[in-house]
Amino acid sequence: MKGSLVRGATTDDARLLHTVKPLRRTIFNRVFAAIYAPAILTLIYYHAKTLIFSATLVSFSATLALLFSDLVLAFMWVTTQTFRICPVYRKQFPENVEKILKRSDFPAMDVFVCTADPYKEPPIGVVNTALAVMAYDYPAEKISVYISDDGGSALTLFAFMEAAKFATHWLPFCKKNNILERSPEAYFGSNHPCTSESEKIKMMYESMKVKVEHVLERGTVGDQYITSDQEREAFNKWSSNFTRQNHPAVIQVLLDASKDKDVDGYLMPNLIYISREKNKSSPHHFKAGALNALIRVSGSMTNAPIVLALDCDFRSNDPRTPQRVLCYLCDPATPPNLAFVQFPQLFQGINTSDIYNAEYKRLFQINMLGFDGVSGPNYVGTGCFFRRRSFFGCPTSLISPEIPELAPDYVVDKPIQSQSILSLAHRVAGCNYENQTNWGSKIGLRYGSLVEDYYTGFRLHCEGWKSVFCNPERPAFFGDVPTGLIDALNQQKRWAVGLLEVAFSKYSPATYGVRRMGPLMGLGYAHIAFWPIWSIPITTYAFLPQLALLNKVYIFPKVSEPWFFLYTFLFLGAYGQDYLDFILAGGSVQRWWSDQRFWIARGLTSYFFGSMEFFLGCLGISASGFTVTSKAVDAEQSKRYDQGIFEFGVHSPMFVSLTSAAIINLIAFSQGLVDVFRGNNLEGLFVQMFISGFAVVNSLPLYEAIALRNDSGKMPIKTTITATLLAGAVYAASSFIFM
């Protein structure tokens with residue numbers, strides 16, 4: 001602790017709540033940036049010089065394409081430095097919280113869990129997420145868990161009715177035995193102590209799981225599963241509301257903390273199921289709209305000062321996580337403009353090599369440390385504890401909601417099942433409630449982008465709010481990863497569209513963000529917003545050097561020329577620093593290789609098609625939508641994923657572009673080898689051969705899927721034929737251009 005910047009300290013270290021200190025590699029990052037920046041400027045000078053003295057149209061066009069691509073790479077490198085200038089590391093001491101604050105004085109907490117499709121997001125997984133937070137080592141009567149079911153499914157409602165019964169046994173079991181993994185699925189899947197009590201609880205869980213999965217398989221809740229008049233009344237209410245296309249809101253209190261008790265006689269947390277009103281004629285704003293409805297409904301029912309937002313597959317892994325948050329939110333030394341505490345997104349079930357880069361180590365861990373040294377990390381959609389007050393205007397100016405009952409400081413003094421409370425909750429969950437209000441623009445999560453988490457965090461920071469990155473040794477949460485390549489790419493494509501919606505809006509981080517937050521935070525947010533433009537240099541370097549090589553046109557310096565060493569330094573410097581960042585963040589060599597390979601793949605697929613979708617949408621030619629990423633698991637697909645085998649299986653335009661690039665690079669590299677064996681000088685074509693060879697090595701899983709595999713995850717014949725024809729057409733066109 002010595003030498004670190006300490007906040008919340010007193011004269012007694014036993015009451016220390018948290019510390020923060022700079023990372024040791026900060027000085028190296030700054031020195032390297034001072035060396036690397038002139039090299040980039042020198043490369044730009046080289047391109048400009050070559051462009052001016054180009055003797056042919058082909059040379060001019062190729063140099064112009066390389067110049068533009070390298071300018072994009074330069075912009076992305078400059079914005080990346082914002083994460084390397086002053087990264088910090090924080091440590092919390094949750095064991096000290098109760099030394100300064102009684103448990104009875106802990107602030108109340110509302111937990112939001114969103115789900116939208118019981119088949120893509122199986123209810124038993126959502127149930128595990130809810131049970132894990134209900135079992136927090138926190139006063140149960142101060143926890144309220146709200147389940148937002150945007151799919152309006154009786155299957156999800158049934159699952160949580162069963163979960164409410166099981167929770168009365170599970171919560172006391174967790175607390176009596178002080179277990180850490182309070183998601184039943186995770187606990188019973190681990191090497192847990194086998195006792196008569198644990199076996200009894202396991203049987204209860206398996207029974208609940210079988211019922212939920214059987215109902216999901218049938219697609220309906222049979223009468224044999226309805227065990228009480230209260231449940232029958234709830235399902236009748238649900239049925240009458242959802243037989244029409246336009247349905248009103250349904251709010252069901254499954255557990256009431258004021259009266260419901262567990263098997264040991266202790267109060268249970270609140271558990272509330274919500275399906276907000278839907279109407280085809282009214283925009284519902286996807287997840288952002290669901291979360292805003294939750295802010296309003298929870299405000300009318302419990303109005304806790306702390307709000308935890310969770311994805312439905314993001315399960316708690318540490319029951320004392322709220323105490324880590326209280327290390328900041330309940331520290332008198334913490335500034336009042338602290339809006340949220342963000343935990344990293346970490347995932348279970350990733351294979352050894354992380355072939356789809358599901359870990360997102362740079363986005364969810366490395367960049368966060370850099371943001372945290374300035375004004376704090378961005379909101380990443382889950383694992384985030386908010387101050388409710390932060391949703392209602394800037395720190396110095398409260399924007400009052402349209403009714404006083406929704407104000408962040410309003411005290412709810414009636415039972416959550418009273419008629420007036422439920423009536424208000426239904427009203428604020430209506431699809432037309434937001435009309436002519438500030439919701440989505442100045443209050444709550446912000447509308448205008450498919451990446452509502454990024455956009456909301458950005459707007460909060462622009463308003464003057466700060467945030468904190470909390471990355472404890474024991475992960476606070478674990479999520480699930482897609483085991484299919486197409487799911488991973490579609491998710492990234494959706495992100496690309498949403499990011500560009502922010503990048504080219506009036507709130508662009510490169511302009512508005514820099515003015516409101518300063519250059520470091522503004523350019524940091526700009527780096528993320530402009531992620532999709534990686535597709536420009538990646539696509540250029542995936543095709544231009546190779547096509548030029550096939551047409552005997554050499555567009556890079558010879559090995560004997562001084563400019564060659566500039567290219568060598570820039571390549572090795574960029575990859576070397578990226579590798580160092582990755583390894584120092586706890587990554588492995590295998591996963592780093594997968595990270596850079598998937599970065600290339602995203603540039604040719606998700607980023608490219610996402611950019612096309614966005615710009616065509618701007619012209620009114622197409623419109624983006626929201627697709628739920630599937631969390632359902634196919635056994636064969638999961639087995640191949642665990643073995644590190646790429647999953648193709650379905651035809652997709654994104655696979656066509658990826659396969660076309662792989663084919664062209666393989667042919668170009670082979671042609672280069674033939675030219676060398678025929679006696680051609682390697683000096684002139686070395687750089688182009690290296691780029692082609694590097695792409696070929698990265699494309700080995702593609703070649704395997706095309707030619708060597710017979711399983712259902714192989715590359716579809718249709719995709720291979722289409723990609724081959726496209727590659728041939730591109731080569732034919734290039735032959736005409738390079739004539």
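Above this text sits the structure in question.
The rules behind these values
- Residues numbered from 1 in each chain as written.
- Predicted model: local features only at pLDDT ≥ 70, side-chain atom pairs only at ≥ 80, totals over all residues.
- Heavy atoms only, no water.
- Helix = DSSP H or I, 4+ residues; strand = E, 2+ residues; numbered from the N terminus.
- Rg over C-alpha atoms; globule rule 2.2 N^0.38 Å.
- Buried < 20%, exposed > 50% of the residue type's maximum accessible area, 1.4 Å probe, protein only.
- Contact = heavy atoms within 4.5 Å.
- Lys, Arg positive; Asp, Glu negative; His and termini not counted.
- Charge placed at Lys NZ, Arg CZ, Asp CG, Glu CD.
- Core = buried A, V, L, I, M, F, W, Y, C linked by side-chain atoms within 4.5 Å.
- Disulfide = S-S within 2.5 Å.
- Pairing = 2+ DSSP bridges.
- Axes fitted to C-alpha atoms, helices over the stretch in contact; angles between N-to-C directions.
- Polar contact = N/O pair within 3.5 Å; in protein donor to acceptor, adjacent residues only side chain to side chain.
- Phe/Tyr/Trp six-rings, centres within 6.5 Å; stacked < 30°, edge-to-face > 60°.

Draft legend 1. How the structure looks around the overall build of the protein chain. On a plain count of helices and strands, the protein chain comes out with 25 helices and 13 strands. Relative to the globule expectation of 27 Å for 739 residues, the C-alpha radius of gyration of the protein chain, 28 Å, shows essentially globular dimensions. Each of the three principal axes of the protein chain carries a C-alpha extent, and together these read 85 × 60 × 55 Å. Counting across all 739 residues of the protein chain, residues that qualify as buried make up 58%. In the protein chain, the share of contacts with a sequence separation of at least 24, taken over all contacts with a separation of at least 6, comes to 80%. The positive charge centre, built from 67 side chains, and the negative charge centre, built from 62, are 5 Å apart in the protein chain.

Draft legend 2. Looking closely at the nonpolar core. Tyr356, Tyr454, Phe458, Leu485, Phe556 and Phe648 are the most contacted members of the largest nonpolar core, which has 102 residues in total. Grouped together as the second largest cluster of nonpolar side chains are 68 residues, Val113, Leu131, Leu216 and Val341 included.

Draft legend 3. Local environment of the state of the cysteines. Counting across every chain of the model gives zero disulfides. With no disulfide of its own, Cys174 lies 16 Å from the sulfur of Cys194, the closest cysteine sulfur.

Draft legend 4. Quick peek at the sheet that holds strand β6 (residues 250-255). Spatially, the eight strands line up as an open sheet ordered β6-β7-β5-β4-β8-β11-β10-β12, and their pairing is mixed. In this open sheet, the two edge strands, each paired with only one partner strand, are β6 and β12 (466-469). Direction aside, the axes of adjacent strands within the sheet are offset by 20° on average. Relative to strand β11 (residues 384-387), strand β8 (residues 306-311) is paired through four bridges, and the arrangement is antiparallel. Counted as the bridge partner of Ile306 is Arg387 from β11. Where helix α4 (residues 123-134) meets the sheet, it contacts β4 (109-115), β5 (143-149), β6, β7 (270-275) and β8, and its direction lies at approximately 165° from that of β5.

Draft legend 5. Representation of the side chain of Thr26 within the structure. Tracing the sequence through the fold places Thr26 in helix α1 (residues 26-52). Overall, Thr26 belongs to the buried group, its relative accessible area being 8%. Of note is the side chain of Thr26, whose polar atom sits 2.8 Å from the backbone oxygen of Leu23. Here Thr26 is in contact with Arg84, Ile85, Cys86 and Pro87, once residues within four sequence places are set aside.

Draft legend 6. Quick peek at the environment of Thr382. Mapped onto the secondary structure, Thr382 falls in the loop between α11 (361-372) and β11. With relative accessibility at 0%, the residue Thr382 sits in the buried group. For the pair Thr382 and Leu310, spaced 72 residues apart in sequence, the C-alpha separation works out to 4.4 Å. Thr382 has contacts with Ala309, Leu310, Asp311, Phe314, Gln342, Phe343 and Gln345, leaving out every residue within four places of it along the chain.

Draft legend 7. Representation of the packing of aromatic side chains in the model. One pass over the full model with this rule turns up 63 aromatic pairs. Ring centres of Phe343 and Phe477 lie 5.8 Å apart, and the angle between their planes is 80°; on these two criteria the pair is classed as edge-to-face. One end of the pair, Phe343, is in the loop between β10 (338-342) and α11; the other, Phe477, is in strand β13 (residues 477-478), and 134 residues separate them in sequence. Here Phe343 matches Phe477 in class, with each residue buried. Plain terms: the ring middles of Phe392 and Trp439 are 5.9 Å apart, the flat faces sit at 80° to each other, and that makes the pair edge-to-face.

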